[in-house]
Number of protein chains: 2
Amino acid sequence: VVFAGTHLIIEVENGHGLDDEDRIEQAFRDCVDACGATLLHIHTHKFSPQGVSGVAVLAESHISVHTWPEIGYGAFDVFMCGDADPWKAVGVLKRAFGTETVHVKELRRGEGLVRDTAAA
Amino acid sequence: VVFAGTHLIIEVENGHGLDDEDRIEQAFRDCVDACGATLLHIHTHKFSPQGVSGVAVLAESHISVHTWPEIGYGAFDVFMCGDADPWKAVGVLKRAFGTETVHVKELRRGEGLVRDTAAA
């Protein structure tokens, strides 16, 4: 299997505005621009009483999020192949949600994952 | 940060039908049913000359895929919180794409990731 792209698992803590669909959609659009990607489709869903899920399909793969606003936590993914740079999204998310507390795990989809994981 | 759910990173190799949007959408719906999840939104995009991206927003988080049909490879994610069981998706994907060659990496979003990764 080839190297299929870089998939960042991004945990945002102490975040603000994580219950705001418009703010999340704007953050996604800003990530797309910063990373040099191309947006194809975007969708958000607001849960009651709180929480937002969002997905953006890109020419280079996707961005997704699920938020727990009551504890300031957002579970983001930024997966991009080709020349787009998903690491540029980290600073965008810090600014968008007003926090410096962000943890990132980088996965190399394709070759890296297949080498490092057991068959299921 | 709480435990926010189980996120499976699923690498499908030697797969068939990975250029077929309808087959991918049906596989997503079958995963949702098998895992005990609830589908809120589904979207697929067909690339030229080949390749499909797909996302499903669930009440329990999401499923996504990006395929490289020319090498029989699909990069799937199945992220579910609550009582839904994302591991049930693995057998569904094997059957849907006619392969036994599937690698899975399990990430525990929230507590597990924050503990194991450096701040960015």
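Cut-offs applied
Residues numbered from 1 in each chain as written. Chains lettered and ligands numbered in written order. Predicted model: local features only at pLDDT ≥ 70, side-chain atom pairs only at ≥ 80, totals over all residues. Heavy atoms only, no water. UniProt positions renumbered as here; feature names shortened; annotations may be inferred. Helix = DSSP H or I, 4+ residues; strand = E, 2+ residues; numbered from the N terminus. Contact = heavy atoms within 4.5 Å. Pairing = 2+ DSSP bridges. Axes fitted to C-alpha atoms, helices over the stretch in contact; angles between N-to-C directions. Buried < 20%, exposed > 50% of the residue type's maximum accessible area, 1.4 Å probe, protein only.

1. Let's talk about the UniProt feature "modified residue: Pyruvic acid (Ser)" (unreviewed entry) in chain A
Mapped onto this numbering, the UniProt entry gives "modified residue: Pyruvic acid (Ser)" (unreviewed entry) at S61(A). Position of S61(A) among the secondary structure elements: in strand β4 (residues 61-68). Residues contacting S61(A), with those up to four places away along its chain left out, are A56(A), F79(A), M80(A), C81(A) and H66(B).

2. Points about the sheet that holds strand β5 (residues 73-80) of chain B
All names here are of chain B. Pairing within the open sheet is antiparallel, and its 6 strands lie in the order β2-β3-β4-β5-β1-β6. If you trace the sheet from one side to the other, it starts and ends with β2 (39-46) and β6 (102-110), each paired once. Neighbour-to-neighbour, the strand axes of this sheet turn through a mean angle of 10 degrees, independent of strand direction. In terms of strand pairing, strand β1 (residues 3-12) meets β6 through 9 bridges, oriented antiparallel. For G5, the partnering residue across the bridge sits in β6 and is R109. Relative to β2, helix α1 (residues 21-35) is tilted by about 155 degrees, and along the sheet it contacts β2, β3 (52-58), β4 (61-68) and β5.

3. What about the environment of H103(A)?
Locating H103(A) in the fold gives a position in strand β6 (residues 102-110). The spacing of H103(A) and L8(A) is 95 residues in sequence and 9.9 Å in space, taken between C-alpha atoms.

4. Considerations on unusual backbone geometry
The linkage connecting S48(A) with the following residue, P49(A), adopts the cis geometry, with an omega of 5 degrees. Positive phi outside glycine occurs at N14(A), with the angle close to 55 degrees. The topology assignment puts N14(A) in the loop between β1 (3-12) and α1 (21-35). At S61(B), a position not held by glycine, the phi torsion is positive, near 135 degrees. Overall, S61(B) belongs to the buried group, its relative accessible area being 2%.

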